[in-house]
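One letter stands for each residue in the lines below.
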Amino acid sequence: MSVLPLVFTSGWASGINAYAVVLLLGIFGATGLTDEVPASLQRTDVLIVAAVLFLCEAVADKIPYVDSLWDSVHTVIRPVSGAVVGALLAGQSGSLSDLAAGAIGGSTALASHAVKAGTRMAINTSPEPFSNIVVSTAEDAGVAGIVTFAMFNPQAAAIIAAVLLAAGLALLIYLWARIRRFLRRRAQRREEKRLAAEARAATGAPPP
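Residues numbered from 1 in each chain as written. Predicted model: local features only at pLDDT ≥ 70, side-chain atom pairs only at ≥ 80, totals over all residues. Heavy atoms only, no water.

Engineer: What is the right way to read a nonpolar patch on the surface from this model?
Structural biologist: Taken together, the side chains of V59, I63 and V66 define a hydrophobic patch exposed on the protein surface, amounting to about 230 Å² of accessible area. Within the secondary structure layout, I63 lies in the loop between helix 2 (44-60) and helix 3 (66-93). Its relative accessible area of 36% is what places I63 among the partly exposed residues. (Patch = residues over 30% accessible without salt bridge, like charges linked within 9 Å, V, L, I, M, F, W, Y side chains within 5 Å. Areas by Shrake-Rupley, 256 points an atom, 1.4 Å probe, with all protein chains shown as cover. Salt bridge = Lys/Arg side-chain N within 4 Å of Asp/Glu carboxyl O. Helix = DSSP H or I, 4+ residues; strand = E, 2+ residues; numbered from the N terminus. Buried < 20%, exposed > 50% of the residue type's maximum accessible area, 1.4 Å probe, protein only.)

Engineer: Could you clarify how one ought to interpret helix 2 in this entry?
Structural biologist: Since the α-helix turns once every 3.6 residues, residues separated by three or four places project in the same direction. In this model helix 2 runs 24 Å from its N-terminal to its C-terminal C-alpha over 17 residues, within 8% of the 24 Å that 1.5 Å per residue would give. Where helix 2 is buried, its residues touch helix 1 (4-30), helix 3 and helix 4 (98-123). (Expected span 1.5 Å × (residues − 1). Contact = heavy atoms within 4.5 Å.)

Engineer: Just checking my understanding: could you explain the packing of helix 4 against helix 5 (residues 130-152) for this structure?
Structural biologist: It is at 10 Å that the axes of helix 4 and helix 5 come closest, and there the two elements cross at 160°. As the angle between them shows, helix 4 and helix 5 are arranged roughly antiparallel. For the crossing formed where helix 4 meets helix 5, the hand is right-handed. Judged by residue contacts, K116, R120 and I123 of helix 4 engage S131, N132, V135, S136 and E139 from helix 5. (Axes fitted to C-alpha atoms, helices over the stretch in contact; angles between N-to-C directions. Parallel < 35°, antiparallel > 145°, perpendicular 65-115°, else oblique. Left-handed = near helix turned anticlockwise from the far one by under 90°.)

Engineer: Explain the layout of surface pockets to me, please; I cannot follow it from the model alone.
Structural biologist: Empty space among the atoms can be located by rolling a probe the size of a water molecule over them. In this structure, the largest pocket occupies an estimated 350 Å³ of space. Here the lining of the largest pocket gets six residues from one element, more than from any other, and that element is helix 5. For the lining of the largest pocket, the residue count by class is eleven nonpolar, four polar and two charged. (1 Å grid on protein atoms, 1.4 Å probe; cavity = no way out; pocket = protein on both sides within 12 Å on 5 of 7 lines; lining within 4 Å. Points joined across faces, edges and corners; volume = space filled by probe spheres on them. Nonpolar A, V, L, I, M, F, W, Y, C, P; charged D, E, K, R; others polar.)

What follows is the structure, given as structure tokens:
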């Protein structure tokens with residue numbers, strides 16, 4: 001059976017939480033739940049690092065504006081992780097070339113990362129922090145559920161991931177105007193702070 005559905009699903013999930021994907025796949029492989037996971041993802045040091053980074057993301061992802069900063073840092077990390085995981089899965093099964101699997105996993109991760117980061121920017125325009133916590137928790141649960149489901153029914157899991165990705169991209173397009181307003185306000189605040197600092201420096205006034 002082709003590993004393509006699992007590559008696609010893991011790529012989608014990596015764009016949302018790459019560390020959770022590595023941790024889950026490693027645990028599934030180490031416990032013998034599946035033989036699709038390469039030994040490199042089952043190593044104890046890899047699992048420990050993935051667990052620590054997952055906990056860091058679980059905290060950062062629920063704090064307004066910190067989550068957007070975290071997403072910015074992971075604009076490269078998540079697609080690369082999706083590509084690497086996809087290539088490793090393909091190398092383990094031998095049913096898909098490593099290069100093709102890496103391209104599929106990386107591009108899918110990049111698309112889902114764009115949805116996650118853009119949606120979070122829109123959410124951060126709201127003054128209350130609870131929506132961040134709810135969305136982040138739902139994302140973590142969704143990644144865990146779909147990756148786990150992919151171990152038993154990879155084709156169905158890939159279809160669900162594709163539907164969620166398409167829905168997320170449609171939502172991102174819908175929210176784009178709100179995101180642009182948020183970015184303009186943030187740039188304006190930075191400019192105001194810069195001008196205020198220059199004014200204080202010119203008058204010799206102490207910082208507030």
